[in-house]
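Understanding the architecture of this molecule
Residues per chain, in single letters:
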Amino acid sequence: MAGSTLDSDTAKDRLRSEFGRAKHTLSYVLKDNAAKVGFVTLVAFVFLGLFGPYIAPYHPIEDTLRQGGSMMRLQEPGGKALFGTTSFGKDILSQFLAGARPTLIVGLFGGVGTGVLGFLVGLTSGYFGGRVDELLMRLTDLTFALPFLPMALVILSFVTPSVWLITAVLVVFLWKMPARVIRSEVMTVKERTFVKSARARGAGHMRTMFLHVAPNVLGIGFLYTAYAVGWSIVAGASLAFLGFGDPTTTSWGRMLQQVFRSGAIRVAWWWVLPPAIGIGAVTTSVFLVGRAFEEIVNPDLQTEQE
Amino acid sequence: MSFRRFLLKRTAIAAVLTLIAVSVIFVTLRLLPSDPFSGLVASGSLTAEQVARVRAMYGLDEPIYVQYLKYIQNLFTFQFGISLTQQRPVGEIIVPAMMNTMVLLLPALVVTAIVSSIAGMYAGWNRGSWFEQSSIVATTVFRAVPIFVTGIFLLIIFSYGLGWLPAFGMRSPLANPDGYVETYLSVDFLKHYILPFTATVLFYSGDFLMLARNSVVERKGSEFLMLHRAKGLSDMEQLGRAGRNSLLPLVTYFALRTGMLFQGVITLEVVFAWPGIGRALVQAILNQDYPTVQAAVFIMALAVIVMNLTADVAYAKLDPTVEAGDV
């Protein structure tokens, strides 16, 4: 057990036990009714994100709906356009279906990127302590001090925003949240006997860090990744609503921006509701599932139930 | 480490952070491909000499390090320069906008901190109850949904749908009040105030509720409460004791939230056309009015740093178990 390599049996065994644990956790989370609703919503959302553009009856931007030669402006739901049309004669159902994808991309990649980066920084910082810790924590202080949305707006005002660029900006500003929490968890875990005994048996820093410490903070890591998905969706939608989204795609945030800017928000409830409900339902679901998960992961909440 | 040393160290860190943050802002703004005046030459509205004069007026012709030093000096003396698009001092734009934001957010924050903390403590005490479950789900919804979406819902229901409340701005177009008192103390203002205030209260309620609920849950099994029960205190009296012990995270969180005040609800200000600092920033960015952008971002950063420092100090002062050892 002195070597730094893992034989394949041990690896498989670990993976299997981790997988079993994940399955067990999921079934436990889904006992919570709110989390169940959230989970179903998220599955539907991912489906829309993957296949939405293909099931949309029209192209969200290029197709202009016409009736008897004139453009169908601000048509109420019904007939040709099931959810009505925008003031530019575009089909709202198609925009809604296609708009799920950019929202999903920003949320998923922004969230996972934030989770992974924050996890690694927190793990390194908490494990090594000392100077490394001081440096990394002052760096997180700095990203806390720089106001996120204003800075993002400034940056996006002089580069052409694209979905991927926005995702990158989100990760740069959001990683600090998981990093701080993971760091404080790691600091308690690394003092425990099994970590010390691993070191005493000659395990290197990398091995100790990733095989002995990391699995014990993985739960919190997943929790904050889930929350980061929610934050990213909110931030992406906010940027799009302020007019700093990717101008080439239709996203839910951008739909809201257009209905707001055009002034049609006064009358065209059919244009407002689909994207507003879409964003609200998805972010709520993320947090409902996350909260049910937190009840399991956060050891402080495990007091006796009466 | 004594409290004095702790305070000194924290303050020094905050000062250095402020300096780094404003430097980052400076660099970011200087990265912009062009200054707003080059556009004027291209459009033919100004000659090259005129532009050179204007650039000299704004100090843009000096070497970059001189610009940087002047920028730092001006920021810390709160001299924000002249707005490029409105031809008046940036301070005249920013200060009233800050006031408007504070008038909206501070009362909302205080109200939600008190109401949802009490509700959260009650929820945590009655863990598993109907009240706990439904209050958590309700506030999670409002916490999760972006604040501008909540705002839009309120807008289309109460302004456009029912026509009860105005949708736009802080006062009706005809009102022309003079001074802060007249501006903020009128029925007209109140009508404009209700919707954005409600959206803010709903948005912030979730965090305070969960924090209060979690810290009461954490304390529920503890021995000092068993002692109180053994003494024969009623349920509510016990909750009072547990609640007092849960105040610390709430106080710190309140300080942190106050620091985020100016940057927290930019989108909400846009939805309700509330003339606050967030909306001023968005407009300044769209108009390429960099002195105003600089000032707004600086104020937002400074607020966070100062309130973080306050939270740290308050924590160290209030928590008797913290001997300020690990900072």
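Residues numbered from 1 in each chain as written. Chains lettered and ligands numbered in written order. Predicted model: local features only at pLDDT ≥ 70, side-chain atom pairs only at ≥ 80, totals over all residues.

Details of the overall build of chain A
A tally of regular secondary structure across chain A gives 11 helices and two strands. Secondary structure elements of chain A occur, N-terminal to C-terminal, as α-α-β-β-α-α-α-α-α-α-α-α-α. Out of the 306 residues belonging to chain A, those deemed buried represent 46%. Partitioning the contacts of chain A with sequence separation of at least 6, the portion at a separation of at least 24 is 74%. (Helix = DSSP H or I, 4+ residues; strand = E, 2+ residues; numbered from the N terminus. Buried ≥ 20, exposed ≤ 12 C-beta atoms within 10 Å, placed from the backbone. Contact = placed C-beta atoms within 7 Å.)

Points about the overall build of chain B
Helices and strands together make up the secondary structure of chain B, namely 16 helices and zero strands. Contacts spanning at least 24 positions in sequence make up 72% of the contacts within chain B whose residues lie at least 6 apart.

Looking at the environment of B:A284
Residue and element names in this part refer to chain B. Among the structural elements, A284 can be located in helix 15 (residues 277–286). Residues A284 and Q86, spaced 198 residues apart in sequence, show a C-alpha to C-alpha distance of 10.0 Å. A284 has contacts with D289, T292, V293 and A296, leaving out every residue within four places of it along the chain.

With respect to the packing of helix 3 (residues 92–128) of chain A against helix 9 (residues 205–241) of chain A
All names here are of chain A. Relative orientation of the contacting elements helix 3 and helix 9 amounts to 145°, with a least axis distance of 6 Å. Once helix 3 is placed against helix 9, the crossing between them reads as right-handed. Broken down by class, the residue content of the contact of helix 3 with helix 9 amounts to 14 nonpolar, 11 polar and no charged. (Axes fitted to C-alpha atoms, helices over the stretch in contact; angles between N-to-C directions. Left-handed = near helix turned anticlockwise from the far one by under 90°. Nonpolar A, V, L, I, M, F, W, Y, C, P; charged D, E, K, R; others polar.)

Side note on unusual backbone geometry
Positioned with a positive phi, B:A273 is a non-glycine residue whose angle comes to about 50°. Checked against the element boundaries, B:A273 lands in the loop between helix 14 (266–271) and helix 15.

Details of the confidence of the model for chain A
Scored by pLDDT, chain A comes out at a mean of 81, with 88% of its residues at no less than 70. The lowest-confidence element of chain A is strand 2 (residues 70–71) of chain A, averaging 65 in pLDDT; the highest-confidence one is helix 6 (residues 163–174) of chain A, averaging 89. (pLDDT = per-residue confidence, 0-100.)

With respect to the packing of helix 10 (residues 252–261) of chain A against helix 11 (residues 269–297) of chain A
When two helices pack together, their arrangement is given by the angle between the helix axes and by the axis-to-axis distance. Residues and elements named next belong to chain A. Running from N to C, helix 10 and helix 11 cross one another at 145°; their axes reach a closest spacing of 9 Å. Where helix 10 crosses over helix 11, the handedness of that crossing is left-handed. Between helix 10, through W252, G253, M255, L256 and V259, and helix 11, the contact on the second element is made entirely by W271, V272, P275, A276, G278 and I279. Its residues assigned to classes, the contact of helix 10 with helix 11 comprises nine nonpolar, two polar and no charged.

Quick look at the interface of chain A and chain B
Counting residues at the interface gives 40 residues for chain A and 43 residues for chain B. If you list the elements that add at least two residues to the side of chain A that touches chain B, you get helix 4 (130–145), helix 5 (148–158), helix 9 and helix 11 of chain A. Ranked by residue count, the leading element in the side of chain A that touches chain B is helix 11 of chain A, at 11 residues.

Observations regarding the confidence of the model for chain B
Should pLDDT be low for a region, the predicted coordinates there are not to be read in detail. When the pLDDT values of chain B are averaged, the result is 80; 88% of them are 70 or greater. Here the predicted complex scores 0.84 on pTM and 0.81 on ipTM.

What to know about the nonpolar core
With 154 residues, the main nonpolar core has B:I94, B:A296, B:I299 and B:A301 as its most contacted residues. Ranked by the residues each element gives to this core, the list is headed by helix 9 of chain A, at 17 residues. In this view, B:A296 contacts A:P150, B:I94, B:I277, B:A280, B:L281 and B:A284; residues no more than four positions away in its chain are not counted. (Core = buried A, V, L, I, M, F, W, Y, C linked by C-beta atoms within 7 Å.)

Brief notes about helix 5 (residues 90–125) of chain B
Given 3.6 residues per helical turn, the α-helix brings residues three or four places apart onto the same face. Over its 36 residues, helix 5 of chain B runs 50 Å from end to end, which matches the ideal 52 Å to within 8%, given 1.5 Å per residue. By the largest-angle criterion, B:M102 marks the main kink of helix 5 of chain B, which is about 25°. (Expected span 1.5 Å × (residues − 1). Bend = angle between axes of the 7 residues up to and from the residue.)

Focus on helix 7 (residues 176–189) of chain A
Residue and element names in this part refer to chain A. An ideal rise of 1.5 Å per residue puts 20 Å on 14 residues; helix 7 measures up with 20 Å between its terminal C-alpha atoms. For helix 7, the set of buried residues is K176, M177, P178, A179, R180, I182, R183, E185 and V186. Contact partners of the buried residues in helix 7: helix 3, helix 4, helix 6 and helix 9.

Digging into the environment of A:Q258
Residues and elements named next belong to chain A. Along the polypeptide, Q258 turns up in helix 10. Q258 sits in the buried class, given 22 other C-beta atoms within 10 Å. On a C-alpha basis, the gap between Q258 and F241 in space is 8.1 Å, while along the polypeptide they are 17 residues apart.

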